Amino acid sequence: MASLFPARVCTLSLLLAPALGLSSVPSSTELRRALIARRAAPTLGGLLPADVERLLDQYIAAHPPIDPAHAARGELARGTWRVVHAPHIEQLGRVLGVEFDVTYELDARDGISSHVRYGGALTGGGFLSARGAWAPLDARTVRVIWEDIWWSPGAEVPVREPPSGALAQLVQRIGRAGMLPELSAFPVELLASTLCAFRFRPTDSRVVAAKLVEGEAVW
């Protein structure tokens, strides 16, 4: 908990800035710290969902990305990105009584893997994983095409390769059937070296991911 203290101070400063007459536009570093603090301890993070959306609106208005779908390719994308804000995923988790933790692993050649860690009293724990490729659809939108989808019930860390067998084939068929075109296109709204945000169109909600840096654990 002590390691979160600097992030808590950053969060408090972002919330108090407008009342003190200070600049209310956060930097990408300040925004990242505050979102990571909220992700680590939602009830103590200080930011409500409405606060997050307001800060994101302010940052994007001040720093609109230029051609983000193409600018993100290569070394900027490469690394592990952890979702730190996703209202539709948080709401789904509350309804199902399941906690979700989502990471994306991107390489410099447009490859992408997704690992969704889940855990709940009724579901137990495990991972839902997928891998594929992404590419610009236009200057502001990327499209992700998932090629392999697999389920790893009971796993404590992501399983890197899809298993074989009848169940694995069933999961693959179900997963691919659910990958509709409207679910594969993501408008990019924010792009910084260690923070990005994109729009999930079916629920018209933002997803914000923070790129992990040295010393930050994935799980």
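Residues numbered from 1 in each chain as written. Predicted model: local features only at pLDDT ≥ 70, side-chain atom pairs only at ≥ 80, totals over all residues. Heavy atoms only, no water.

Looking at the packing of helix α2 (residues 28-40) against helix α3 (residues 49-62)
Alright, step 1. Packing of α2 against α3 brings their axes to within 11 Å, and their N-to-C directions diverge by 165 degrees. For the element pair α2 / α3, the angle class is roughly antiparallel. Judged by the twist between their axes, the crossing of α2 over α3 is left-handed. Across from S28, L31, L35 and R38 in α2, the residues of α3 making contact are P49, V52, L55, L56 and Y59.
Alright, step 2. Considered class by class, the residues forming the contact of α2 with α3 number 7 nonpolar, 1 polar and 1 charged. (Axes fitted to C-alpha atoms, helices over the stretch in contact; angles between N-to-C directions. Helix = DSSP H or I, 4+ residues; strand = E, 2+ residues; numbered from the N terminus. Parallel < 35°, antiparallel > 145°, perpendicular 65-115°, else oblique. Left-handed = near helix turned anticlockwise from the far one by under 90°. Contact = heavy atoms within 4.5 Å. Nonpolar A, V, L, I, M, F, W, Y, C, P; charged D, E, K, R; others polar.)

Some details on the nonpolar core
Alright, step 1. Residues Y104, L106, I112 and W134 are the most contacted members of the largest nonpolar core, which totals 24 residues.
Alright, step 2. For this core, the secondary-structure elements that each account for two or more residues are β1 (79-85), β2 (98-106), β3 (111-120), β4 (124-138), β5 (141-153), β6 (185-191), β7 (195-200) and β8 (205-211).
Alright, step 3. When residues of this core are assigned to their parent elements, the largest contribution, 4 residues, is made by β5.
Alright, step 4. Not counting residues within four places of it along the chain, the set of residues in contact with I112 comprises Y104, E105, L106, A130, R131, G132, A133, W134, V144 and W146.
Alright, step 5. Judged by nonpolar contacts, the second largest core, of 16 residues, contains A34, V52, Y59 and A192. (Core = buried A, V, L, I, M, F, W, Y, C linked by side-chain atoms within 4.5 Å. Buried < 20%, exposed > 50% of the residue type's maximum accessible area, 1.4 Å probe, protein only.)

Overview of the packing of aromatic side chains
Alright, step 1. Inspection of the entire model under this criterion finds 2 aromatic pairs.
Alright, step 2. Considering the side-chain rings of Y104 and F198, the 6.5 Å spacing of their centres and the 70 degrees angle between planes classify their relative orientation as edge-to-face. Of this pair, Y104 sits in strand β2 while F198 is found in strand β7, placing the two residues 94 residues apart along the sequence.
Alright, step 3. Residue Y104 is classed as buried on the basis of its relative accessible area, which comes to 19%.
Alright, step 4. Overall, the relative accessible area of 14% leaves F198 in the buried class.
Alright, step 5. Their ring planes at 75 degrees and their centres at 5.4 Å tell us that F186 and F198 sit as a pair that is edge-to-face. Residue F186 is located in strand β6, and its partner F198 is located in strand β7; the two are separated by 12 residues in the primary sequence. F198 carries the same exposure label as F186, and that label is buried.
Alright, step 6. Taken together, Y104, F186 and F198 form an aromatic cluster joined through their ring pairs. (Phe/Tyr/Trp six-rings, centres within 6.5 Å; stacked < 30°, edge-to-face > 60°.)

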